Amino acid sequence: MISENTLTIIPFSSENKEAIKTLNFAWLNKHFRIEAKDELVLSNPQGEIIDKGGFVFYAKYQGEIVGTVSLLRIDDSNYELSKMAVKEGFQGLGIGQKLLEHCFLTAKENNIPTLILYSNRILLRAIYLYEKFGFREVALESGIYERADIKMEKNIS
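Residues numbered from 1 in each chain as written. Predicted model: local features only at pLDDT ≥ 70, side-chain atom pairs only at ≥ 80, totals over all residues. Heavy atoms only, no water.

### Regarding the layout of surface pockets
The calculated volume of the largest pocket comes to roughly 920 Å³. Where the lining of the largest pocket is concerned, the elements lending two or more residues are α1 (17-31), β4 (78-86), α4 (95-109), β5 (114-119) and α5 (124-132). For the lining of the largest pocket, the residue count by class is 21 nonpolar, ten polar and six charged. (1 Å grid on protein atoms, 1.4 Å probe; cavity = no way out; pocket = protein on both sides within 12 Å on 5 of 7 lines; lining within 4 Å. Points joined across faces, edges and corners; volume = space filled by probe spheres on them. Helix = DSSP H or I, 4+ residues; strand = E, 2+ residues; numbered from the N terminus. Nonpolar A, V, L, I, M, F, W, Y, C, P; charged D, E, K, R; others polar.)

### Let's talk about the pairing of β5
For β5, the buried fraction is high: six of the six residues fall into the buried class. Where burial is concerned, the two faces of β5 agree: the one with Thr114, Ile116 and Tyr118 and the one with Leu115, Leu117 and Ser119 are both buried. Pairing of β4 with β5 involves three bridges; the strand directions are parallel. Directly across from tyrosine 79, in β5, lies its bridge partner leucine 115. Bridge count for β5 against strand β7 (residues 150-155) is six bridges, and the pairing is antiparallel. Residue pairing across strands places serine 119 opposite isoleucine 150, the latter belonging to β7. (Buried < 20%, exposed > 50% of the residue type's maximum accessible area, 1.4 Å probe, protein only. Pairing = 2+ DSSP bridges.)

### A look at the packing of α4 against α5
Relative to each other, α4 and α5 sit at 40 degrees, their axes nearing to 11 Å. Classed by the angle they form, the pair α4 and α5 counts as oblique. Pair α4 / α5 crosses with right-handed handedness. Together, Gly96, Gln97 and Leu100 of α4 and Leu129, Tyr130 and Lys132 of α5 make up the contact between the two elements. Looking at the contact of α4 with α5, its residues break down into three nonpolar, two polar and one charged. (Axes fitted to C-alpha atoms, helices over the stretch in contact; angles between N-to-C directions. Parallel < 35°, antiparallel > 145°, perpendicular 65-115°, else oblique. Left-handed = near helix turned anticlockwise from the far one by under 90°. Contact = heavy atoms within 4.5 Å.)

Right under this line is the structure:
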């Protein structure tokens, strides 16, 4: 586990805009494939996430960005926890957990009552982490992501 003293969560900025794309492309290419929706959002995080009322966060460790997560605004009550990736070699150190905790804090501070996410059941460690943090499976609509075979939801308020 990486200690709180050596890992910081920082917000999106124009200087670090490429990190979300680099980290997610590496993860997607390893496990699935890059879909058109991924290409659109990850190539323009300012316009597709931030400008639409969402958030992008990065995990920084020893001066290097090693993880990322986003909260995509769906509407006033629902945000999608999305685009979470941790760099190869840094997985299993609790970075994903720290990113999730930061998202929950952000949701509370911004009166966001519900977070949803889409995942795939082959990602056992991710599903376990989501369940550990209170996400529960809900009905999955079709057409969101080709790779998604599970939708989960967590009430924040």
